[in-house]
Structures are given as structure tokens and as C-alpha cells.
Amino acid sequence: MKLEPYTRLHLWLWKHRRVVLGVTLLIVVAAIIISSRIKLEENILAILPQNDRIVDEYRYTLHKFRQIDRVYIDVGIDQTNTPVTSDQLAAAADEVYAQLSANTNYARILYRIEFGGQQKIVNYLSGALPNLFTTADARALASKLEPSAVRDYLTVMRRKLGGMEGMVLKDVVAADPIGMSSLVVAKVLPLQTGFGDAQIVDGRITSRDGNHILIMAEPVFSSSDSRDSVRLVADMLRIRDQVQKQFPGVHVAITGGHRMSVDNATLIKADATRCILLGFAAMLTLCITAYRRKWMAIITFLPSLFGTLMAGVVLVCWDSHLSAIATGFATIAIGITVDYGIYVVYHLDNGVGLDRVSAGRIISRLVTPTFIGALTIIGAFVVLAGSSMQGYQQLGMFGAIGVLMSAAFALLILPLLVPLATKKDLPQLRFTGWMEKFHAWQRRWRPWLLLGLVVVTVITAFGIKRLRFDGDITRLNGITQSTRQDEALIRHVWGGALSMTLVVARGTTADAALAQDDHAAAVLAGDTNVAGISSLASVD
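Residues numbered from 1 in each chain as written. Predicted model: local features only at pLDDT ≥ 70, side-chain atom pairs only at ≥ 80, totals over all residues. Heavy atoms only, no water.

Draft legend 1. Spotlight on the overall build of the protein. Scanning the protein from N- to C-terminus turns up 22 helices and eight strands. Going through the 540 residues of the protein one by one, you find that 38% of them count as buried. In the protein, the proportion of contacts linking residues at least 24 apart, taken out of those at least 6 apart, comes to 78%. When the accessible surface of the protein is summed, it comes to about 30500 Å², and 62% of that surface belongs to carbon and sulfur atoms. (Helix = DSSP H or I, 4+ residues; strand = E, 2+ residues; numbered from the N terminus. Buried < 20%, exposed > 50% of the residue type's maximum accessible area, 1.4 Å probe, protein only. Contact = heavy atoms within 4.5 Å. Areas by Shrake-Rupley, 256 points an atom, 1.4 Å probe, with all protein chains shown as cover.)

Structural data, given as C-alpha cells:
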């Protein structure tokens, strides 16, 4: 009798099974080593579309001004019964700054605007005062020129000149005897900090009500560097806990790209692990319930494991970082590719009195439907691979390779691991009897079942009108409740400063960039949805 092509292939693989299984084991070990080099990409910007003009400009702005890599620390008075004076609040802020300064991972920390630095600002901007001077400044200057105001200001400065800061302050008083520099510093502050609703109290950036002090820091590495960010955030949280314990009634809030990246990584890993374990447990329970030989439930997952490892090898060769979206394939693989293992193991476990020829014929009947089903799934993943978003590209590539390799392993290698049931008096598996009864039932009630299906389809179709696409990228940014509360506090205290929009004007020359900036400022000034604009284009 002439055997089918697959049956002949199966018999050849069985004859050389030791070599085939040995080579497969070596491939798996090598794939594990190579796949371990994959790094998880927690940066939320990595999921944005590639080669998009708006996105590219957004990335350029963040790269130039490093807003996403800035850490915001608010040292404020907690709303408790413990009273906190302004001096205690300042001491707490000083302690936070001192401990941050001891960490070499910060390139710059903005805390106090010293008088020496203020003098440099005044000298630099002195030539631009006519451009900066406005009608509101004229009214403020008029009050400063009042004899009583000048007398009070000089009295305060005389007292300070006798203190420790006198060595630096003497040059500032000589250059600015009426305190006119405060008009300029107030315009520089929003650009230095990104916060318009702030004031300078004893050199510290303080909220309008005086209950909060702001500290900003820029680490030497980007927020996408997860390994260093974990240590940095752990150190910041240690400082927070220590300061809050040392100064009762003081609350320290921390937010920024580094903390959010760490939260993203933590939540992604925890959620991926939870989904994988739940999916594995559900499939394992189903297989144990269905099979006659319970231990074969374990080898059913080998195609999924092999396909995932092969996809990981391809991904390492293509891109060393794995997007958070692509990690979802680990759970998808359990639900999709495990089917191929179930097809093979169930049919071989259900067969009785089998030999290798009859086993090959059973599996040969599964080849066509298995690969047709696999190709339809691969087609869907290939569509994702053509997306402009890197996360979807990785998911498409990861899924297509994983499904193909899982199906191939299930049809070629897995039958070599399943021992045949040689006894002829074994009953069929329970699921086989159940399915025969189900098909007999649905044949009797098929017209009513089809009618019910049409009715349910029509009813659920009305829900399409309620479908909306959410374009808010922050909803993809998974953060812990503690981080969310700190961010909300800073947004509330500093006038929604974290929601400020940064407009960058670029040009081939400085004059061209300034002209673009003036045009943008004029357009925004006429927009009723814009509450305020902070710009220093006139001094560039």
C-alpha cells in the first residue's frame, strides 16, 4: 500500500528520532540563550507611530528640552493635625536637596536661585530690558520707585549685607538698588522651571500659598533606561520616607518620566506573569480533564514554548527591545498555539491499537486543516507587522513566527514524544462522546439555532454606534496609585503645570527661529482656549 507523504516523513523521523530530538533540544537551548538578551521596552513613546511628522516633532522637542526625563519633587505641608512652620518646611526641602546632591546620577538639580546666579541673569538680560518691559512692569516699577518702598528695600538689603550672604549680595545691590531685577527673574522663572504659578521665597521656588517648595532634577540617563531608573527611583523613595519621618507633617511627592517608566515595567511584568499563569492553568486543567494519560497535558505546551522561543530569536536579530504590546503575545500564544498540540495529543491519545503507520495517517489528516488555520492567523499578524507603530510591528512579527514554528513543531516533533496506546479494548475519551452528542443535538435544532444567531447578531450590531476610539496616550501609561496621587498633587499645586504645552520654533537661522516664535505667540495669544503664554524670544 502506498503511504501518504506525511506518513512517510513521520516514519523517517521516528526511525531517526534520537538525532531529531537531540538537534531539537540543542536548538531550544540556543534559543533560550539568545532570547534572554531581549530587553523590555517600558518607554511609552516607543508605541507611537514611526515616520510621522507630528510624532517626530514631539520626539525632537522632548530630546532637546528633556521634559520627559525631568523629575519633579514637591515638598509640602501634609493636611494633618501636625503643625509645620515655613522654617521647618524649608529645612525639609534642604534635606531632600542635600541627599539628592549626594547622588552622582543627577546632571542638574534646580532648587535655589542664588544671588550670584541672579546677578548673571540680570547682567545677561540688561540689554533686553526694553523688549521685556511691559505696561504691567511699568506699574510695578512705579511702586518700587516710591521713596518709602526704596527705603524699605534698602533697609532689608543693609541687614542682609551684614549676614553671610553679604559677600555676594553687595554686587547685586550695587547693580540693582531698587530691586528691579525681580521683574526680569519673574519672566525667566517659567522658562527655567516650566511652572508659571510660582514665586521665589528666600531663593526657593515656592507655591503661591507658601505651603509647597519645588525641586527639579535631571538624571544623567534617560527615563527609558529601566535598569538605572529602578535604582534611582528606589533612592528617591528612600529619601521621601526618611524626610517624612524626620519632619512630621511634611509630605514629599515625586513624579516624572523615570518613576512612570519603573511603574510601567513593574506593572507590565506583573500583569504578563499573571496572565501567563492563569492561561497556563486554565489550559492545563482542560487537558488533564480531556486526556486519558494525564501527564501528556505537559507536553501539549511544548509547541507553544518552541514557537515563542523561535520568535524571540528572530526578534533579537531584528530589534533588541521588546515592546510592552508585544509581551501580550505570550498569553495569546497559550490560547492559540496550544491548539496545535491539543490536536495531535488528543487524536493519538484517543486512538486504540495504533502502530506508527496508523499514527502517521492520523496526523496526516491534521496537516491540511492545521496549516490552513495557522496561515489565517499568520495573515492577521502580518497585517499588524505593516503598521507604523513599532509595538504592532513587533507583535506582528512575533506572532507570525511563533504560530508558524508552533504548528511545525506540533506536526513534526510532538508525535515523536507521544507513546501509542497499543491496547484495543480502551474506551474513547469522554470529550469525543460529548461532542458526538452535541453534534446530534445541534442537527436536530439547527434552524432555531441559526435564527437565534441572526437575532443576537442584529442586537449586538447596535453597539457599534457606541464604539469610540480613545486617542489619549496617557491611558496606556500604567502607573501605581501612589505615583498617580503624587502626580495629581503636583498638577493641582502648581497650576496644572505638568499639562502645559511646549511650543518650539525652529529656523535655519536665529532670526528665522525668532520670527517663527513671534508668529506662534501671536496666534496663541488670540486663542481663547489658551490661558497664558510664557516666552523669552526677545532676548535670544
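Draft legend 2. Inspection of helix α11 (residues 226-246) at higher detail. Over its 21 residues, α11 extends 30 Å from the first C-alpha to the last, a length consistent with the 30 Å expected when each residue adds 1.5 Å. Looking at α11, one finds that the buried residues are D228, S229, L232, V233, D235, M236, I239, R240 and V243. When α11 is viewed along its axis, its buried side chains cluster within an angular range of 160 degrees and face the same direction. For α11, the exposed residues lying more than 90 degrees away from the buried face are R227, R231 and K245. (Expected span 1.5 Å × (residues − 1). Arc of directions from axis to C-beta.)

Draft legend 3. Here's a closer look at the pairing of strand β6 (residues 212-219). Most of β6 is tucked away: eight of the eight residues are buried. Residues H212, L214, M216 and E218 point to one face of β6 and I213, I215, A217 and P219 to the other, with burial holding for every one of them. As judged from the six bridges shared by strand β2 (residues 71-77) and β6, these two strands associate in the antiparallel manner. Its bridge partner lying in β6, Y72 is registered against M216. Judged from the four bridges that link them, strand β3 (residues 106-110) and β6 form a sheet pairing that is antiparallel. Counted as the bridge partner of I109 is A217 from β6. Here two bridges tie strand β5 (residues 204-206) to β6, and the two strands are oriented antiparallel to one another. Pairing of I205 across the sheet is with L214, part of β6. Following β5, the chain reverses through five residues before pairing antiparallel with β6; G210 in that reversal takes a positive phi of roughly 80 degrees. (Pairing = 2+ DSSP bridges.)

Draft legend 4. Examining the side chain of T206 more closely. By the element assignment, T206 lies in strand β5. T206 gets classed as buried once you look at its relative accessible area, which sits at 5%.

Draft legend 5. Broad picture of the packing of helix α4 (residues 86-101) against α11. The interhelical angle for the contact between α4 and α11, taken along N-to-C directions, is 150 degrees, at an axis separation of 10 Å. Overall, the two elements α4 and α11 adopt an arrangement that is roughly antiparallel. Relative to α11, α4 is oriented so that their crossing is right-handed. Of the residues in α11, those in contact with A92, E95, V96, Q99 and L100 of α4 are R238, I239, Q242, V243 and Q246. Residues of the contact of α4 with α11, tallied by class, amount to five nonpolar, three polar and two charged. (Axes fitted to C-alpha atoms, helices over the stretch in contact; angles between N-to-C directions. Parallel < 35°, antiparallel > 145°, perpendicular 65-115°, else oblique. Left-handed = near helix turned anticlockwise from the far one by under 90°. Nonpolar A, V, L, I, M, F, W, Y, C, P; charged D, E, K, R; others polar.)

Draft legend 6. Quick peek at the packing of aromatic side chains. Applying the stated criterion across every chain, the model contains six aromatic pairs. It is R17 that lies over the ring of W14; its NZ or CZ is 4.0 Å from the centre. (Phe/Tyr/Trp six-rings, centres within 6.5 Å; stacked < 30°, edge-to-face > 60°. Lys NZ or Arg CZ within 6 Å of the ring centre and 35° of its normal.)

Draft legend 7. Looking closely at the side chain of H10. Its place among the elements puts H10 in helix α1 (residues 5-15). Reaching out from H10, the side chain makes a polar contact with the side chain of R356 at a distance of 3.4 Å. (Polar contact = N/O pair within 3.5 Å; in protein donor to acceptor, adjacent residues only side chain to side chain.)

Draft legend 8. Representation of the packing of helix α16 (residues 338-350) against helix α18 (residues 390-412) within the structure. Here α16 crosses α18 at 10 degrees, and the two axes come no closer than 8 Å. If you check the angle between α16 and α18, you find them roughly parallel. Residues Y340, G341 and V344 of α16 form the contact with α18, whose participating residues are V403, S406, A407, A410 and L411. Partitioned by chemical class, the residues of the contact of α16 with α18 number six nonpolar, two polar and no charged.

Draft legend 9. Quick look at the nonpolar core. Formed by 45 residues in total, the largest nonpolar core has its most connected members in Y291, V344, L348 and I363. Broken down by secondary-structure element, the contributors of at least two residues to this core are α1, α2 (17-35), α12 (257-290), α13 (296-299), α14 (302-318), α16, α17 (356-385) and α18. Ignoring any residue separated from it by four or fewer positions in sequence, one finds V344 in contact with I363, L366, A410, L411, L414 and P415. (Core = buried A, V, L, I, M, F, W, Y, C linked by side-chain atoms within 4.5 Å.)

Draft legend 10. A look at the pattern of salt bridges. Summed over the entire model, instances satisfying the criterion amount to nine salt bridges. Across the salt bridge formed by D228 and R231, the nearest N and O atoms sit 2.4 Å from each other. One end of the pair, D228, and the other, R231, are both in helix α11, three residues apart, so they sit about a helical turn from each other. In this structure D228 comes out as buried when scored by relative accessible area, which is 18%. (Salt bridge = Lys/Arg side-chain N within 4 Å of Asp/Glu carboxyl O.)

Draft legend 11. Representation of a nonpolar patch on the surface in the model. A cluster of nonpolar side chains, namely M435, F438, W441, W445, W448, L449, L451, V455 and I459, defines an oily patch on the protein surface of about 940 Å² accessible area. Secondary structure elements with two or more residues in the nonpolar patch: α19 (430-444) and α20 (446-461). Top element by residues in the nonpolar patch is α20. It accounts for five residues. Following the sequence through the fold, W441 ends up in helix α19. Judged by its relative accessible area of 36%, W441 falls in the partly exposed class. (Patch = residues over 30% accessible without salt bridge, like charges linked within 9 Å, V, L, I, M, F, W, Y side chains within 5 Å.)

Draft legend 12. Structural context of the environment of Q246. Take Q246: it is sitting in helix α11. With relative accessibility at 43%, the residue Q246 sits in the partly exposed group. Residues Q246 and E95, 151 residues apart in the sequence, show an inter-C-alpha distance of 9.6 Å.

Draft legend 13. Geometry of the confidence of the model for the protein. In the predicted model, the protein carries a mean pLDDT of 78, and the fraction of residues at 70 or more is 76%. Mean pLDDT values over the elements of the protein span from 50, in helix α5 (residues 115-125), up to 92, in α2. Considering only residues more than four positions removed or in separate chains, one finds that residues 124-129, a stretch of pLDDT under 50, has eight contacts. (pLDDT = per-residue confidence, 0-100.)

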